[in-house]
Amino acid sequence: MAVTTRSASTVWTGDLASGSGATTLETSGLGTFPVTWKARTEEAESKTSPEELIAAAHASCFSMALSNILKQAGHVAEKLETTAEVDFDTTDGAKISGIRLTLAATIPGIDAAEFQKHANAAKEGCPVSVALAAVPSITLDAHLN
């Protein structure tokens, strides 16, 4: 398999606290999104943050990984609804302190134990989870509908 590269860019003006930026999804061309420190640490106010973008990447990567694992095990999901919540902690420096994945799945013909096994494998093995291995806590709450 070949290497695929995706890109995004940010233009920032001003200092951290009062400045602002715009992040553009370059490869897809889906848009440019405003970012600020205030949106990162307080209310979003129609702006995004690195943590929200990480949450989007993690939720989509996990769902893709699980769908592949399920296919290899002979199952096809009707629906995988994944939410990722990323905690940005500024108490002692600035760091991502935790990520919570929540999954509600509809998968015909799978039992609870097999489902949990595959969901945990996707959490551990999806490329975004692997890239985020330095995060102290990544949890998964997965249930079948």
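You'll find the structure just up there.
Residues numbered from 1 in each chain as written. Predicted model: local features only at pLDDT ≥ 70, side-chain atom pairs only at ≥ 80, totals over all residues. Heavy atoms only, no water.

Colleague: Explain the packing of helix α2 (residues 50-72) against helix α3 (residues 112-125) here, please?
Modeller: Two quantities define a packed helix pair, namely the angle between the axes and the distance from one axis to the other. For the pair α2 and α3, interaxial distance at closest approach is 8 Å and the crossing angle is 135 degrees. One finds that α2 runs oblique with respect to α3. Taken as a pair, α2 and α3 cross one another with a handedness that is right-handed. Note on element contacts: α3 touches α2 through H118, A119, A121, A122 and K123, opposite F62, A65, L66, I69 and L70. Looking at the contact of α2 with α3 residue by residue, the classes come out as 8 nonpolar, 1 polar and 1 charged. (Axes fitted to C-alpha atoms, helices over the stretch in contact; angles between N-to-C directions. Helix = DSSP H or I, 4+ residues; strand = E, 2+ residues; numbered from the N terminus. Parallel < 35°, antiparallel > 145°, perpendicular 65-115°, else oblique. Left-handed = near helix turned anticlockwise from the far one by under 90°. Contact = heavy atoms within 4.5 Å. Nonpolar A, V, L, I, M, F, W, Y, C, P; charged D, E, K, R; others polar.)

Colleague: Looking at this model, I keep getting lost on unusual backbone geometry. Mind explaining?
Modeller: Only a minority of non-glycine residues have a phi that is not negative, and only a minority of peptide bonds are not trans. Look at E45: it is not a glycine, yet its phi comes out positive at around 45 degrees. The exposure class of E45 is partly exposed, given its relative accessible area of 47%. Although it is not a glycine, S46 sits at a positive phi angle of roughly 65 degrees. A relative accessible area of 74% means that S46 is categorised as exposed. (Buried < 20%, exposed > 50% of the residue type's maximum accessible area, 1.4 Å probe, protein only.)

Colleague: Honestly, the packing of aromatic side chains in this entry has me stumped. Any pointers?
Modeller: In this description, an aromatic ring pair is defined by two values, namely the gap between the centres and the angle between the planes. On inspection of all chains with the given rule, the structure shows 1 aromatic pair. Relative to F88, the ring of W37 lies with its centre 5.8 Å away and its plane at 80 degrees, an arrangement referred to as edge-to-face. You can see W37 sitting in helix α1 (residues 37-41) and its partner F88 sitting in strand β4 (residues 79-89), a full 51 residues away along the chain. Classification of W37 by relative accessible area gives partly exposed; the value is 23%. By relative accessible area, which is 19% here, F88 ends up buried. (Phe/Tyr/Trp six-rings, centres within 6.5 Å; stacked < 30°, edge-to-face > 60°.)

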